[in-house]
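# A closer look at the structure
Spelled out from the first residue to the last, the chains are:
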Amino acid sequence: LGQYAEAEQLCRQALEARSRTLGEEHLDTLCSVSSLAALLSAADRRSEAEALYRRALKASKRALGPRHPFTAQSESNLARFLEKGSRPS
């Protein structure tokens with residue numbers, strides 16, 4: 001697993017700190033959510049990753065609006081994640 005455990009711990013610490021200081025829907029917090037989702041996806045923890053990708057997209061649409069660049073990036077991230085999961089093994 002490489003250093004996924006340490007990376008996950010650091011991502012979660014950053015997410016918690018940003019959530020606490022900036023709020024759940026701040027752009028920096030949403031970036032931390034997406035980073036953790038990507039890490040969990042790479043570690044093949046798909047259900048956790050999907051929930052975080054969806055959380056980032058939902059919060060981004062609500063807080064930043066449907067036309068914000070981060071919202072578009074969140075849609076793209078979720079789409080790529082779902083596409084990877086639909087490939088035959």
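Small disclaimer: the values here were computed from a predicted structure and weren't measured.

### A look at the environment of Cys31
Looking at the secondary structure, you find Cys31 in helix 2 (residues 27-42). Put simply, Cys31 and Arg80 are 49 residues apart on the chain and 17 Å apart in space, counted from C-alpha to C-alpha. Contact partners of Cys31, with chain neighbours within four places excluded, come to Arg18 and Phe70.

### What about the side chain of Asn77?
Residue position: Asn77 is located in helix 4 (residues 69-85). Take Asn77: its relative accessible area is 13%, and that puts it in the buried class. Here Asn77 is in contact with Ser34 and Tyr53, once residues within four sequence places are set aside.

### Re the packing of helix 2 against helix 3 (residues 46-64)
Axis separation between helix 2 and helix 3 bottoms out at 8 Å; the angle between their running directions is 160°. Comparing their axes, helix 3 and helix 2 come out roughly antiparallel. For the crossing formed where helix 2 meets helix 3, the hand is left-handed. Where helix 2 abuts helix 3, its residues Leu27, Leu30, Val33, Ser34, Leu36, Ala37, Ala38, Leu40 and Ser41 lie against Glu48, Ala49, Leu52, Tyr53, Arg55, Ala56, Ala59, Ser60 and Leu64. Looking at side-chain class alone, the contact of helix 2 with helix 3 contains 13 nonpolar, three polar and two charged residues.

Rules used in this analysis
Residues numbered from 1 in each chain as written. Predicted model: local features only at pLDDT ≥ 70, side-chain atom pairs only at ≥ 80, totals over all residues. Heavy atoms only, no water. Helix = DSSP H or I, 4+ residues; strand = E, 2+ residues; numbered from the N terminus. Contact = heavy atoms within 4.5 Å. Buried < 20%, exposed > 50% of the residue type's maximum accessible area, 1.4 Å probe, protein only. Axes fitted to C-alpha atoms, helices over the stretch in contact; angles between N-to-C directions. Parallel < 35°, antiparallel > 145°, perpendicular 65-115°, else oblique. Left-handed = near helix turned anticlockwise from the far one by under 90°. Nonpolar A, V, L, I, M, F, W, Y, C, P; charged D, E, K, R; others polar.

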